[in-house]
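# Descriptive analysis of the structure
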Amino acid sequence: MVSIAVIVVVALTAFWLVLYSLFGKKEIDPETGEPVEKEEGLSVDFLIAMWRTKRLLGFIDRLSRLNPRFWKVYGDIGVALGYMGMAYVFYALLKTAIKTLQTKSAPAGVQLVIPGVTIPLWYGLIGLAVVMVVHELSHGVVARAEKLPLKSVGLVLLAVIPGAFVEPDEEELKKAPLRSRLRVYGAGSMANVTTAILTALILSYAITPLLVPNGIGVSEVIKGTPADGVLHKGDVIIAINGQSVKTIDEFIAIMNKTKPGETITLTVLRDGKKLNLKLTLAENPENPEKGFIGIRPNQHVVSRIGHDSIILPLFFSLYWIYILNIGIGLMNLFPLVPLDGGRMLDEVMKEYLPEKVAKPLRYATIGIGLILLALNVLPAVANLAK
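Values in this document were obtained by computation on a predicted structure and should not be read as measured data.

## Description of the overall build of the protein chain
The number of helices and strands found in the protein chain is 10 helices and 14 strands. Overall, the C-alpha framework of the protein chain stretches about 80 × 45 × 45 Å when taken along its three principal axes. Here the protein chain holds 386 residues, and the buried ones make up 38% of them. With the model as given, the accessible surface of the protein chain reaches about 22300 Å², and the carbon-plus-sulfur share is 65%. Both charge centroids of the protein chain, one from 39 positive and one from 33 negative side chains, sit 4 Å from each other.

Here is the structure:
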């Protein structure tokens, strides 16, 4: 029987082959004979599809002209935030990298963002779309406020990950004053952090008060544990041995009283049906004297005003918009080219240091950055491979 993974891989391969055959041919410069990127329309390269347009440039222009002084101050705050975020991200990844070298059980410093695999599919795609749009729009508006031309804007598909981009005129950007360049680079993460803060405020004061805990969700069943084959991902535990369980704290309190080898009855909701399931507990890996079910629990919630089909998707959409904007926005400040943080650091080194000092320092920064990134990503890749 063909697995779903094989079907997905075959379908994606066929999709990219068809797309490349239809749109992969590049335009040729009649003077140089060299291939050039299309200024508008769809262009396809290896697992990268880019759709460019100039139609939205007018909108970005109008937005930048509403209050140019505001956008300059906004850009300056983005520069300050950029360097502070750069220092924080470098320190955090360095700390995790050291732990990775010291112990095999170190947590991943960088979590992989793969919709449908490491994060929820639709909520993840919504969150990523918001991340890309606000990030690139911010770059574009600040660039125009600095009187820097834009070549195009558009959408990008990287393998299966959608995104957006704003394409500045690189030659004009290189000629601009250092402060202008830094404003443009810092604007992207500034937009992501601002979006995360606004989303957190909406969640805290408008959405979360509408929610009440109503059981323990099963986000993952650990293989080879008592739950394996008994519980399913998506089950909601509402009682243990007849005792109601609504919050994570209540779940932990009950489980702390159990012993390995004890048989318990779990009352769960599965596809709207209530089931009573028995299982015999194993030893808790963190405390062998306590019982262990073998799940990764999460807090299940419902709306106190009803309309769960509206309130809950809204909550989870905003939650992932917050998580991805704060996470990707900060990670983009890591001092490694071509990330914005790397470009900000690179520009300052080139401006204030002689080339014979700036060049080796730049290479050293790239080398250290790649090592830190690898040590932080490896645990996440290892977890994904399990």
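## A look at the pattern of salt bridges
For the structure on display, the rule yields 15 salt bridges. With a shortest N-O distance of 3.9 Å, Lys 175 and Glu 172 are connected by a salt bridge. Taken together, the positions of Lys 175 and Glu 172, both in helix α5 (residues 170-175) and three residues apart, correspond to about one turn of that helix. Note on Lys 175: relative accessible area 63%, which makes it exposed. Classification of Glu 172 by relative accessible area gives partly exposed; the value is 32%. Each of Lys 72, Asp 76, Glu 146, Arg 179 and Arg 183 takes part in salt bridges that share partners, so that together they form one network.

## Let's talk about the packing of helix α3 (residues 68-102) against helix α9 (residues 340-352)
Between α3 and α9, whose axes approach to 10 Å, the crossing angle comes to 105 degrees. Judged by the inter-axis angle, α3 sits roughly perpendicular to α9. On α9, the residues that touch Val 79, Gly 82, Tyr 83 and Met 86 of α3 are Gly 341, Met 344, Leu 345 and Val 348. Its residues assigned to classes, the contact of α3 with α9 comprises six nonpolar, two polar and no charged.

## A closer look at the packing of aromatic side chains
Following the criterion strictly, the structure yields eight aromatic pairs and no others. Seen in terms of ring centroids, Tyr 319 and Trp 320 are 5.4 Å apart; in terms of plane orientation they differ by 85 degrees. Their pairing is edge-to-face. Tyr 319 gets classed as partly exposed once you look at its relative accessible area, which sits at 33%. Under the relative-accessibility criterion, Trp 320 is labelled buried at 16%. Through a chain of ring-to-ring contacts, three or more aromatic side chains come together here, namely Tyr 123, Phe 315, Phe 316, Tyr 319 and Trp 320.

## Describing α9
Taking 1.5 Å as the rise per residue, α9 with 13 residues should run 18 Å; its terminal C-alpha atoms sit 19 Å apart, in good agreement. Along α9, the positions that sit buried rather than exposed are Asp 340, Gly 341, Gly 342, Met 344, Asp 346, Glu 347 and Met 349.

Definitions and limits used
- Residue indices begin from 1 for each chain and proceed along its sequence in written order.
- Selection of residues for local features in this predicted model requires a pLDDT of at least 70, selection of side-chain atom pairs for listing and counting requires 80 or more, and totals for whole chains, interfaces and linings are taken over all residues.
- Hydrogens and water molecules were not included; the side-chain quantities draw on all heavy atoms of the structure.
- Numbering of helices and strands runs from the N terminus; a helix is a DSSP stretch of H or I covering at least four residues, while a strand is a stretch of E covering at least two.
- With a 1.4 Å probe rolled over the protein chains alone, any residue whose accessible area is under 20% of its type maximum counts as buried; one over 50% counts as exposed, and the rest are partly exposed.
- Each accessible area value is a Shrake-Rupley result obtained with a 1.4 Å probe; residue values ignore everything except the protein chains displayed when judging cover.
- As used throughout, the charge tally considers Lys and Arg to be positive and Asp and Glu to be negative, leaving His and the chain termini uncounted.
- Positions of charges follow a simple convention, taking NZ of Lys, CZ of Arg, CG of Asp or CD of Glu.
- Any Lys or Arg side-chain nitrogen located within 4 Å of an Asp or Glu carboxyl oxygen qualifies as a salt bridge.
- Each axis is a line fitted through C-alpha atoms, and for a helix only the stretch in contact is used; angles between axes span 0 to 180 degrees, taken between their N-to-C directions.
- Working definition: roughly parallel below 35 degrees, roughly antiparallel above 145 degrees, roughly perpendicular at 65 to 115 degrees, and oblique for all remaining angles.
- Two residues qualify as a contact provided that any one of their heavy atoms is within 4.5 Å of a heavy atom in the partner residue.
- Following the grouping adopted for this structure description, the nonpolar residues are Ala, Val, Leu, Ile, Met, Phe, Trp, Tyr, Cys and Pro, the charged ones are Asp, Glu, Lys and Arg, and the polar ones are all others, Gly among them.
- Classification of ring pairs uses Phe, Tyr and Trp, with its six-membered ring standing for Trp, and accepts pairs whose centres are within 6.5 Å; under 30 degrees between planes counts as stacked, over 60 as edge-to-face, and the remaining range as tilted.
- A helix is expected to span 1.5 Å multiplied by its residue count minus one.

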